[in-house]
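Listed below, chain by chain, are the residues.
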Amino acid sequence: MLHRPSIPDLLRSDRPAFSFEFFPPKDDAAEATLWEAIRRIEQVDPAFVSVTYGAGGSTQDRTVRITEQIAQVTTLEPMAHLTCVGASVAQLREVIGAYAAAGIHNVLALRGDPPGDARATWAPHPQGLSHADDLVRLISSLGSFTVGVAAFPDVHPESPDLGHDVEVLVRKADAGAQFAVTQMVFDADTYLRLRDEVAARRELPIVPGLMPVTNFAQIARMSQLMGTPLPAAVIARLQPLADDRAALRAEGVAIATELGERMLAEGAPGLHFITMNRSTATLEVLGRLGGIPTDCQRRIRAGARASRPVAAAASPVGAA
């Protein structure tokens with residue numbers, strides 16, 4: 001694997017660091033679609049890519065496998081997700097060891113959501129960990145890992161207020177976290193407020209998550225699941241287009257571009273694109289933000305046209 005600057009170094013550089021998030025596929029067809037997206041993303045040389053867990057930690061094995069494959073067969077810098085859900089400390093140590101053995105040294109440490117119902121009351125494994133800062137300490141104690149954590153601009157569903165979320169991020173930084181990535185942002189002011197509150201207390205780069213909306217029902221479900229409300233102004237722009245896929249996609253790309261421009265102009269260290277395992281809309285936003293050279297854009301578009309019939313058949317999820 002090529003030697004790269006660390007993620008924290010990239011986030012502190014003068015140039016914005018762009019990264020992408022994937023999720024483990026459910027079957028072989030979806031995996032083919034995922035790899036098409038990964039290969040297109042690889043052409044723009046992102047700062048890093050990450051692979052999530054499914055709801056309630058349901059895809060841990062696939063997450064580990066896909067992250068290891070990215071490390072082994074691409075030039076990309078992978079960041080593994082790890083949650084406390086349903087795992088003892090001994091099991092967490094095994095997963096961390098598997099990542100290290102595969103040459104993966106970037107980990108996003110998450111408490112995770114309760115299995116089965118993200119809004120249910122959290123209960124740790126009897127021999128497990130209760131909080132993300134505990135997981136940060138565990139990972140940091142087991143090797144030379146770069147550890148990231150989650151941040152919630154719209155306030156975590158279990159948090160009483162923004163001040164509490166700031167305290168939680170401070171604790172994560174004190175435990176060894178070196179950067180944070182937010183849930184998807186639809187209101188730039190909420191991201192900027194959280195970033196500034198944390199910056200007054202600790203040096204912790206916070207990367208906003210960004211997702212171009214291409215399916216209104218899908219984003220409404222995701223928003224409800226994560227406890228991240230869609231702002232009324234965004235709903236007003238998207239909901240009337242819910243049944244017009246092309247128009248909705250165009251508006252979703254426009255909104256994401258506007259958000260990205262505002263947050264970068266206000267000093268965001270980068271953007272973390274939530275891809276839903278499709279690359280075309282996210283790469284379009286990145287291109288509009290000046291993050292892709294013109295010749296690279298042409299190659300990506302050519303590749304997308306060549307593979308479009310396969311990708312369309314592979315997954316019912318709208319292009320993101």
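In what follows, the structure referred to is the one given above.
Just so you know, these numbers come straight off a predicted model, no measurement behind them.

A. Layout of the pairing of strand 8 (residues 270–274). Of all five residues that make up strand 8, five are buried, and the element is covered over most of its length. Of the two faces of strand 8, both are covered, the one formed by Gly270, His272 and Ile274 as well as the one formed by Leu271 and Phe273. Bridging between strand 1 (residues 17–22) and strand 8 involves five bridges; their strand directions are parallel. Each residue of the ladder has a partner; that of serine 19, found in strand 8, is histidine 272. By the bridge criterion, two bridges tie strand 7 (residues 206–210) to strand 8 in an arrangement that is parallel. Along strand 8, the bridge assignment pairs glycine 209 with histidine 272.

B. A look at unusual backbone geometry. Residues other than glycine seldom take positive phi values, yet aspartate 45 does so here, at roughly 50°. One non-glycine residue, methionine 276, lies in the positive phi region at around 55°. Tracing the backbone shows methionine 276 in the loop between strand 8 and helix 11 (280–288).

C. Main features of the pattern of salt bridges. Within the structure shown, the criterion is met by 15 salt bridges. For glutamate 158, the salt bridge goes to arginine 111, with nearest N and O atoms at 3.0 Å. Of the two residues, glutamate 158 sits in the loop between strand 5 (146–151) and helix 6 (162–175) while arginine 111 sits in the loop between strand 4 (106–110) and helix 5 (132–141), which places them 47 residues apart along the sequence. On the basis of relative accessible area, arginine 111 is assigned to the buried category, the value being 15%. For glutamate 266, the salt bridge is made with arginine 262, and the minimal N-O distance between the two is 3.6 Å. Overall, the relative accessible area of 38% leaves glutamate 266 in the partly exposed class.

Cut-offs and rules
Sequence order as written defines the numbering, with residues in each chain counted from 1. Two thresholds apply to this predicted model, a pLDDT of at least 70 for residue-level local features and 80 or more for giving and counting side-chain atom pairs, whereas whole-chain, interface and lining totals are computed over all residues. Side-chain calculation: all heavy atoms of the structure are included, whereas hydrogens and water are not. Any residue under 20% of the maximum accessible area for its type is buried, any over 50% is exposed, and the rest in between are partly exposed; the area is computed with a 1.4 Å probe on protein chains only. Where helices and strands are cited, they refer to DSSP runs of H or I of at least four residues and of E of at least two residues respectively, numbered from the N terminus. Two strands are said to pair when DSSP picks up at least two bridges between them. Counted as salt bridges are all cases of a side-chain nitrogen of Lys or Arg within 4 Å of a carboxyl oxygen of Asp or Glu.

So, to be careful, I would describe these as geometric facts and stop short of saying anything about function.
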